[in-house]
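Structural features, examined
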Amino acid sequence: MKITRETPDQLIIENNPIWLAIFVSVFGLIFFGIGLANVRAEPGMGIAFIAGGLAIAVGFNMIFIRRTQLILDRPRNLVELRRKGWLNYVSMTWELQYLTRADVQSSSSGDTNTYRAALQISGGMDAGTHPITLVYSSGRGAKRAANAINRWLDSQAATA
């Protein structure tokens, strides 16, 4: 997750998994290339590899690649979480007064831990925990995002 704007009035955090999209596309295109190279010698196998490569490249990008944007806006008293993928666009909003903090959630798989940042909403109809991204990932992005949100919220409390 990347902090794209941090001012006293606004905090914008984005997650744009471009490297994952490139990796998935290249992986699918390798299968596609293998299929093209073998379509004359083994038509059935070549067509299967071509179809599989296209399914991987297009299908996985459609399913797994989502751009996420979190906007905290003091003048509008608004928290807005936007998720955009190939198939849908989802926007959730809350009043800024209900955002109490951000936490880091972790998931363990064997000996590997992955993380995601989540918002703690204290009031309104959507009170509870709301993850910013739907997937967990390795690295420091979730902690960096949670720290930025909490720091921004603390600066609001200090000026109030």
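Here's what I pulled together on the structure shown here. Just so we're clear, the structure is a prediction, and the values are computed from it rather than from any experiment.

Parameters at a glance
Residues numbered from 1 in each chain as written. Predicted model: local features only at pLDDT ≥ 70, side-chain atom pairs only at ≥ 80, totals over all residues. Heavy atoms only, no water. 1 Å grid on protein atoms, 1.4 Å probe; cavity = no way out; pocket = protein on both sides within 12 Å on 5 of 7 lines; lining within 4 Å. Points joined across faces, edges and corners; volume = space filled by probe spheres on them. Helix = DSSP H or I, 4+ residues; strand = E, 2+ residues; numbered from the N terminus. Nonpolar A, V, L, I, M, F, W, Y, C, P; charged D, E, K, R; others polar. Expected span 1.5 Å × (residues − 1). Buried < 20%, exposed > 50% of the residue type's maximum accessible area, 1.4 Å probe, protein only. Arc of directions from axis to C-beta. Contact = heavy atoms within 4.5 Å. Phe/Tyr/Trp six-rings, centres within 6.5 Å; stacked < 30°, edge-to-face > 60°. Lys NZ or Arg CZ within 6 Å of the ring centre and 35° of its normal.

Considering the layout of surface pockets
Each pocket or cavity is described by its volume, and for the largest pocket that value is around 460 Å³. Taken together, 22 residues line the largest pocket, and the ones lying closest to its centre are N15, P17, L20, V135 and S137. Counting only elements with at least two residues in the lining of the largest pocket, the list comes to α1 (18-38), β7 (112-121) and α3 (141-159). Of all the elements, α1 adds the most residues to the lining of the largest pocket, at three residues. Taken together, the residues of the lining of the largest pocket sort by class into twelve nonpolar, seven polar and three charged.

Things to note about α1
Along an α-helix, residues three or four positions apart point the same way, because every turn accommodates 3.6 residues. With 21 residues, α1 should reach 30 Å at 1.5 Å per residue; the first-to-last C-alpha distance of 30 Å fits that figure. Within the span of α1, buried status applies to A21, V24, G28 and G35. All buried residues of α1 project into a common sector of 75° when viewed along the axis, lining one side. For α1, the exposed residues set more than 90 degrees away from the buried face come down to W19, F23, L29 and A37. On the buried face of α1, the contacting elements are α2 (43-64).

Looking at the packing of aromatic side chains
In this structure the tally under the stated criterion is four aromatic pairs. Members of the aromatic cluster, connected to one another through ring pairs, are F23, F27, F31 and F49. Directly above the ring of W152 sits R74, whose terminal nitrogen or CZ lies 3.9 Å from the centroid.

Purely geometric numbers; function is a separate question.
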